[in-house]
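Structure at a glance
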Amino acid sequence: MNNKEEEQDVTASFNRNEPDIASSSSVGYSGYGEYFHNKELQQLESDVQFRQKYQKEHRVSNPTLFQGCTIYVNGRTNPTRFQLHKLIILHGGTFKHYLSGKTAVTHILATELNASKKSSFANFKVVSPEWVTESIARGKLLPWQDFRIVQVSRLQGKITDFATVRNCMDPNFINAFFKSSRLHHLSNWKFQLRDNFVKEFILSYNDTIPDQKYVYFHIDFDCFFAQVSAKIDGKYDIHATPIAISHGINNSDISSCNYVARSFGVYNGMWVSSALKLCPDLKILDYEFDEYEAISNLFYSALKDIGIFKMVLPISIDEAIGCMLITPDITSELLTQKCMQVRNAVYNVTQGYSVSVGCGPSVLLARLALRKGKPNGFHISWFDTVTECHAFIDHFKLKDLPGIGYSTDLKIKEQFGNVQNISDLRDLLERPSNVSKLIKVIGSKNTKKLQIYLDGKDDDESISMVKDPHTYFQKKSLSVEINYAIRFKTIDDVDIFLERLALHLWEKLRDSNLMTRQITLKLMKRAQGAPVDPPKFMGMGKCDALSKVSNLGTNTQKFGTIASECKTLFRILSVPPEEVRGIGIQFHRLTDSNQKVGQKSEQREITTDLFRKRDHPDDDITNEPSKVAEPHTPVNPTYTSPVKNYWDRHLKRSITPFQYDFPDQLDPEFMSNLPKDVQEEITSHHKVVKKANRSLRTKLYDDPRKQIKQTQDLHFIHDGRLVPQLSFQGLSSAKQISETLIDWVDATVEDGPHEKDLELFTSYLDKLAEQGRCHIILHLIKTIKNRVDDHYNANHEGLEQWEYFLIRRLIPILNKAKPDVKFNLVFDL
DNA sequence: CAAACACCTTAG
DNA sequence: CATCGCTAAGGTGTTTG
């Protein structure tokens, strides 16, 4: 099995030998139990057949390694369950797909066990998959005890059971929440699938793809969660019992329900309480996230192994688009055959899960066909005439079109009255006046997209997904948000939580080898008049969404910078902590951190020499969070932060660009009357607020010494032309500007300069650069550099920021302005 | 008038 | 006891400079 070719060969023959039993609902069985029993027998038989065939083809004798072992694989493993299945049966073992059968399982393979699995598997030999691979490698059955999965809680060291996590200030809250959040899982799975796609794409498509035409197959599980959870639960017939997946019993979302339940009017997204009114017999089952992932892996490997797709585009955990190269001999018979082949392959590889397939000449038509094919079937939208195509599209509802959601649907109906089917919209848009009305309501791009869809064609986004999937699936932003169970009492709570949330996102940034240059903080604020306790337990209720971006001016992967920026942004948004119902952080404008700054261009490498004597790292990549905030334990239950009181006192007057008028200096008398720990609390808080408030603009205008003299519109002669005299902060003489810069550096050695000021200053230099006035730029940079050097012994964080600013933004301006100038000019500084 | 920004919408 | 309302991307309208 060490041989790569042999391994591939195994995969191919493994699939060929699966019994062809997937002719959808026509499988004859009288009850679930019997079906289950038959299914298992068939599987056993096929395993044995496969083993025999393999032995014959490869002339190997009867394997005995795992003889007598009946093995079940739990959760996500490496190698995958699919691969382990092959390994086990090829070496004489028996593979069990379910634990619910009568035959005793001798071993369970798992990488980790959660608390509930730990207790339910207590009487089994639970081992890691290495037991299988190592045994095969050594050619003998190794003692299972050496591969025993001891305790997961020891491995993870965290209590992530939501029931034991008291509230959002619990250090394990974020983990506990995400572990149970279906939406988090959906997003995360998508992230992984896209990531894998991009990685595989580089390997398998490094040759440029010719401008190919495809036939698209949109493949989607029928009520995925419901199917999988029902199979795990094992008690109900998915075709006879109404089933829904949800956490709770009352105001809890139904994430997936089967078609029996839908026949009662139940739908996804409905609360359990209302669903039960429609369908009192509805069975509510739990999520089985590990199993969803395992089945999805089988699903994707099945799609790749069929061999009819040039490319399989990941849409989600249970949904993919297969792209088949178009050939001249395409017939509807051929497409029919391919659809059935896909359905059978998935059914067999996943051991009994049904998918539906939609097939068409565009991504859009494949999607609409899928809708028609559901459930447990397929449909092909292949038309000879435009009229036929229009007729097909016309009978769908507006909301069936991708991109038309609840809100857009409503807007269109409000504008045009009751537009039921797409045909109604087609008729409306015959008149140009209606087209402009539609543009007013949903915008020009959306209108254009709709018009393209009316012809059964793909919009630009779908085209770019298909033509340039590598770019399309590349990550452009990273974010995290939690809008559930968020309840804060003090600004301190917020800071601690923000730090944890930032840590979560920072880890993703680090793991993806990325740096960010722009951070957004997003808050959900309890809407005016909304009840403090919303109908849904711990829910966010009706909220207003607020957000604020911050440009860092440099690419960073520094946890400290990121966390402190988030805290600053929170203060700028000025939402009282107790009104916060949701909180999120986003990173935008990402760059690759592997691409070492110095490598990129000769210029940068040389410019870093400017500061070489300081022996500083030349990028922002060193960044381990020094310590993760631990929760402050309240002194007593009625404890309210003195920071909040202090804050409230200054909340009344609001005159600055920011909503808070915070004193520049802390009142010493006020401070000295406070206990020491409270003093510290205020000082640290004050520091962050100071940064939020600090802006060179406001500061300078407030400062009477720096009252701006109105400069006359003088012009300097440069390069034989008249150029307008530039000014920075209303100051125009070089001397005045230098003084300002020195003050600026002095004022910001501790906390670093404010981004707004940096931008202001850079744009001033840019203008100078445009005019080729390098000597002035040089002079100004030199002024800053000298002043920063003067402060060097102070060892403040702000100095670092100044350095980065000089290297990253000022020197490039200089280089750009005079590319022919030798770099020793820079050294003349 | 382009870029930046805040906010909205969608999908699964 | 309840309950686990995420996240990336594209669009729109307004402000800014």
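- As annotated in an unreviewed UniProt entry, chain A carries the name DNA repair protein REV1 and comes from Kluyveromyces lactis.
- Turning to chain A, the UniProt annotation filed under Subcellular location (unreviewed entry) states: "Nucleus".

Points about the pattern of salt bridges
- Tallying each qualifying case throughout the model produces 15 salt bridges.
- For K199, the salt bridge identified is with D195, shortest N-O distance 3.0 Å. Taken together, the residues span about one helical turn, with K199 and D195 both in helix α8 (residues 182-204) at a distance of 4 residues.
- Several salt bridges share partner residues, and in doing so they unite R182, D253 and K536 into one network.

With respect to the nonpolar core
- Within the largest apolar cluster, 46 residues are counted, with the highest numbers of intra-cluster contacts made by F217, I219, Y292, F299, L303 and F309.
- In terms of residue count, helix α12 (residues 289-306) provides more of this core than any other element does, 9 residues in total.
- Sequence-distant contacts of I219, that is, excluding residues within four places in its chain, are made with F299, L303, F309, D318, E319, A320, G322, V342, V355, S356 and V357.
- L503, I519, L552 and F587 belong to the second largest nonpolar core, which has 45 residues in total.

A word on the protein's contact with DNA strand C
- In the neighbourhood of DNA strand C, 40 residues make up the surrounding shell, with N251, S252, S479, N483 and K536 lying closest.
- The sugar and phosphate moieties of DNA strand C supply 69% of its atoms located within 4 Å of the protein.
- Measuring from a base oxygen of DNA strand C, one finds a side-chain N or O atom of S187 at 2.5 Å.
- Listed by contribution, the elements that provide at least two residues to the surface near DNA strand C are α7 (173-180), α8, α18 (432-442), α19 (444-454) and β13 (478-482).
- If one sorts the elements of the surface near DNA strand C by residue count, β13 sits on top with 5 residues.
- Here the residues of the surface near DNA strand C are counted per class, giving 12 nonpolar, 18 polar and 10 charged.

Parameters and conventions
- Residues numbered from 1 in each chain as written.
- Chains lettered and ligands numbered in written order.
- Predicted model: local features only at pLDDT ≥ 70, side-chain atom pairs only at ≥ 80, totals over all residues.
- Heavy atoms only, no water.
- UniProt positions renumbered as here; feature names shortened; annotations may be inferred.
- Salt bridge = Lys/Arg side-chain N within 4 Å of Asp/Glu carboxyl O.
- Helix = DSSP H or I, 4+ residues; strand = E, 2+ residues; numbered from the N terminus.
- Core = buried A, V, L, I, M, F, W, Y, C linked by side-chain atoms within 4.5 Å.
- Buried < 20%, exposed > 50% of the residue type's maximum accessible area, 1.4 Å probe, protein only.
- Contact = heavy atoms within 4.5 Å.
- Near = heavy atom within 4 Å.
- Polar contact = N/O pair within 3.5 Å; in protein donor to acceptor, adjacent residues only side chain to side chain.
- Nonpolar A, V, L, I, M, F, W, Y, C, P; charged D, E, K, R; others polar.

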